[in-house]
2 protein chains.
Amino acid sequence: MSTVSEFDADTAVARVAPDAYTAVATDRWNVGSVPNGGYAMAIAQRALLARLDRPDPLSVTAHFLRPMQPGGVALAAEIVKAGRSTATGMVRLVQDGSERLRLLGTATDLTGSDRGLVHHTSGPPDLPPPEDCPRGSGEMPGGAARAALGGRFDLRVHPDHAGWARGEPTGQLEIAGWIRPADGREPDVLLLPVVVDAFPPTVFELGITGWVPTLELTLHVRARPAPGWLRCVIRSRYVSGGLVEEDAEVWDAQDRLVALSRQVARVPRPRR
Amino acid sequence: MSTVSEFDADTAVARVAPDAYTAVATDRWNVGSVPNGGYAMAIAQRALLARLDRPDPLSVTAHFLRPMQPGGVALAAEIVKAGRSTATGMVRLVQDGSERLRLLGTATDLTGSDRGLVHHTSGPPDLPPPEDCPRGSGEMPGGAARAALGGRFDLRVHPDHAGWARGEPTGQLEIAGWIRPADGREPDVLLLPVVVDAFPPTVFELGITGWVPTLELTLHVRARPAPGWLRCVIRSRYVSGGLVEEDAEVWDAQDRLVALSRQVARVPRPRR
């Protein structure tokens, strides 16, 4: 591609002062009328990496305070600690004088991260080839809202998962699938916050419908993804206290673990 | 008890300005010469909850910048957002003008959190009764360092786990056990950061020795623990990129899920 990808155009940050950036959020990453939380996080992560002058996120946490809206965004980025191998910083994402998201993260340079001990007790999700996996739905259950976000990705869900989209919730709190940008952009670490938040909520498989708002999301990056398809699996084990955790793993085309994430989200009451 | 517990004495924070607190860290929670990271986080969490005027942490993330030392601590606590059901804040833990830990967290009131949907795909760890579980070691493998922290808890490890303490690393990255304060204090939400960080690192079971420094730890709280023993299980699945994740679950005496945590730590090279 000689043109700028959708993702890079829609998450670009411009430095306006040593500790301040601006960006313009689009509505192309919406779910219903609100931009996806992972998209807001991806914008803030770009400001973090720019401020810290490090290429790769290592551990990044976002607290979602109020929904970001399409439009202009101001980002205040602080260096918390600039160390030798890692640096830590904080970003406030503000619109109309109101803070929408606060991000605290440590960044590094993952060059050579493949060296050293590898001990995995589990591997990439077992998926039929992409052509045998149905395309992920951009709809909420019951047609509650359309997701423009669905148009940004080529997302192929395991045929046994996402039963809710067929009107048959499985009761299994797991969803796995293939994912890559629809416009041919190759995956990289910048894309990961929106990748781990792009799949439908696991609790849809309990017959729950409606919004499952993320309160907090933490992303741990282990390696830069290779070009090609990513495979993701998202699992929840515990719905209680009005909350659910969603644990995501991201694997690349070379079977390497790229990232782990966990988010905690509010669970609406099931429909009776 | 009519006296103040070790934990409450050693994590007390005093308000010195609307957004500033002080505390005095002791060496009773040390591992080697450095206070345990969960102990530093527990001090910062107390300042967070005091500043937000909410009783219960919901999701709290700490980035460990430099080791806290025993001695005086200054805490700067900011209200990020005071909402109706939750509030979000940030705490900087500073010693000698140097920031040691930064904490970003959302707090709430968990009264009534037991109501609503409960859907668990897993339960508390399967443990023999406490009297059939050996006491957890306060030592590092190979006698590298003593842990004063070990004296703060009555910690009983599953007899099949912690093989490294018998000189027989199991290769299984899982450790489960019973835990409660040694002085009879009952568990509560304030204690959770140090509970989830009190067990020996899972990678000791790979024959790794030495420090496994935590970079970041996120705690999700679901319920206030009932009095009595807590059961914890800590699992790692992926050692790669020089890092390992440790996922902890905390269950109370009424078989309720109290908290989930995940930390990412640096893995030293294995000893040959």
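The structure displayed is predicted, hence computed values, not measured ones.

Enquirer: Pulling in residues and values, what's your account of the overall build of chain A?
Expert: Regarding its fold elements, chain A presents three helices and 16 strands. Its C-alpha atoms give chain A a radius of gyration of 18 Å, near enough to 19 Å, the size a compact globule of 272 residues would have. Oriented by its inertia axes, the alpha-carbon framework of chain A measures out at about 50 × 45 × 45 Å. By the burial criterion, 58% of the 272 residues in chain A qualify as buried. Of all intrachain contacts in chain A linking residues separated by at least 6 positions in sequence, the fraction that spans at least 24 positions is 69%.

Enquirer: Describe the state of the cysteines, naming the residues involved and giving the relevant values.
Expert: All names here are of chain A. Across all of its chains, the model carries zero disulfides over all chains by this definition. No disulfide involves C133; its nearest neighbouring cysteine sulfur is the one of C232, lying 13 Å away. Judged by relative accessible area, C133 falls into the buried class, the value being 5%.

Enquirer: Give me the packing of aromatic side chains: which residues, what numbers.
Expert: Under the definition given, this model contains 12 aromatic pairs over all chains. Centroid distance F7(A) to W29(A): 5.9 Å. Interplanar angle 80°. Geometry classified as edge-to-face. Remark: W29(A) occurs in the loop between β2 (20–25) and β3 (30–31) and F7(A) occurs in helix α1 (residues 6–11); sequence separation between them is 22 residues. Residue classification places F7(A) among the buried residues on the basis of a relative accessible area of 2%. According to the relative accessible area criterion, W29(A) is buried, its value standing at 2%. Between W251(A) and Y238(B) the ring centres are 5.6 Å apart and the planes differ by 75°, which places this aromatic pair in the edge-to-face class.

Enquirer: Report on the relation of the copies chain B and chain A, specifying residues and quantitative values.
Expert: Overlaying chain B with chain A gives an RMSD of 0.0 Å, the required rotation being 180° about an axis along which the chain moves by 0.0 Å. A rotation of that kind, with that shift, is consistent with a two-fold axis. Looking at chain B, 100% of its interface residues are interface residues in chain A too, so the copies touch through the same face.

Enquirer: Run through the interface of chain B and chain A, naming residues and quoting values.
Expert: At the junction of the two partners, chain B supplies 60 residues and chain A supplies 60 residues. The partner of R222(A) in a salt bridge is E245(B), with the nearest N and O atoms 3.1 Å apart. Linking chain B to chain A there are 33 residue pairs in polar contact (both at pLDDT 80 or more). The greatest single-element share of the side of chain B that touches chain A, amounting to seven residues, is contributed by strand β16 (residues 257–266) of chain B.

Enquirer: How would you explain helix α2 (residues 37–52) of chain A if you had to name every residue and give the values?
Expert: Residues and elements named next belong to chain A. Its 16 residues place the ends of α2 22 Å apart at the C-alpha level, agreeing with the 22 Å of an ideal helix rising 1.5 Å per residue. Among the 16 residues that make up α2, 14 are buried, leaving the element largely enclosed by the rest of the structure. For α2, the side-chain oxygen to backbone nitrogen distance between the N-cap and G38 is 2.9 Å, and the N-cap itself is N36. With its phi angle positive at about 55°, D53 sits one or two positions after the end of α2.

Enquirer: If you had to explain the pairing of strand β2 (residues 20–25) of chain B to someone new, which residues and values would you point to?
Expert: Residue and element names in this part refer to chain B. Alignment of strand β1 (residues 14–17) against β2, held across three bridges, turns out to be antiparallel. Of the residues in β2, the one forming a bridge with A17 is A20. Between β1 and β2, which follow one another and run antiparallel, lie two residues. Here β2 pairs with strand β6 (residues 71–82) via six bridges, running antiparallel. Across the sheet, residue A25 finds its bridge partner in β6, namely G71.

Enquirer: Can you break down unusual backbone geometry residue by residue, with the values?
Expert: All names here are of chain A. A positive phi angle, close to 55°, is found at D53, a residue other than glycine. Position of D53 among the secondary structure elements: in the loop between α2 and β5 (56–64). D53 sits in the exposed class, given a relative accessible area of 68%. Unlike most non-glycine residues, A162 shows phi in positive territory, near 50°. Checked against the element boundaries, A162 lands in the loop between β10 (153–157) and β11 (174–181). Given a relative accessible area of 9%, A162 falls into the buried group.

Enquirer: Residues and numbers for the pairing of strand β12 (residues 214–221) of chain A, please.
Expert: Residue and element names in this part refer to chain A. With respect to burial, β12 is a largely interior element, eight of its eight residues being buried. Taken together, the seven bridges between β12 and strand β16 (residues 257–266) define a ladder with antiparallel strand orientation. By the bridge assignment, T214 is partnered in β16 with A265.

Enquirer: Describe in detail the pattern of salt bridges, supporting the description with residues and values.
Expert: Counting across every chain of the model gives 48 salt bridges over all chains. Note that E78(A) and R92(B) form a salt bridge whose closest N and O atoms lie 3.8 Å from each other. In this pair, E78(A) sits in strand β6 (residues 71–82) while R92(B) sits in strand β7 (residues 86–95), so the two residues belong to two different chains. Taking the shortest distance from any N to any O, the salt bridge between D154(A) and R156(A) comes out at 2.6 Å. Residue classification places D154(A) among the buried positions, given a relative accessible area of 11%. Note on R156(A): relative accessible area 12%, which makes it buried. Here the salt bridges do not stand alone but share partners, grouping E174(A), R222(A), R235(A), E249(A), R237(B) and E245(B) into one network.

Cut-offs and rules
- Think of each chain on its own: its residues are numbered from 1, step by step along the sequence as written.
- Labels follow written order: the first chain is A, the first ligand is 1, and so on.
- Per-residue local features of the predicted model are confined to residues with pLDDT of at least 70, and side-chain atom pairs are confined, for both listing and counting, to 80 or more; whole-chain, interface and lining totals are unaffected and use all residues.
- Each side-chain value is derived from all of the structure's non-hydrogen atoms; neither hydrogens nor water enter the calculation.
- A helix here means a DSSP run of H or I that spans at least four residues, while a strand means a run of E at least two residues long, and both kinds are numbered starting from the N terminus.
- For a compact globule the rule gives 2.2 Å times the number of residues to the power 0.38, and the radius of gyration it is set against comes from C-alpha atoms.
- When a residue's accessible area, from a 1.4 Å probe over protein chains only, is under 20% of the maximum for its type it is buried; when over 50% it is exposed; and in between it is partly exposed.
- In what follows, a contact means two residues having at least one pair of non-hydrogen atoms within 4.5 Å.
- Any cysteine sulfur atom paired with another within 2.5 Å is treated as part of a disulfide.
- Note on ring pairs: Phe, Tyr and Trp rings are taken, using the six-membered ring of Trp, and paired if centres are within 6.5 Å. Classes follow the plane angle, with under 30 degrees stacked, over 60 edge-to-face and the rest tilted.
- Alignment of the copies relies on least squares applied to C-alpha atoms, considering only residues that score at least 70 for pLDDT in both.
- Salt bridge, as used here, is a side-chain nitrogen of Lys or Arg placed within 4 Å of a carboxyl oxygen of Asp or Glu.
- Side-chain atoms alone can form a polar contact between residues adjacent in sequence; in general such a contact is a pair of N or O atoms within 3.5 Å, and within protein one must be able to donate a hydrogen while the other accepts it.
- What a helix is expected to span follows from its residue count: subtract one and scale by 1.5 Å.
- At least two DSSP bridges between two strands are required for those strands to pair.

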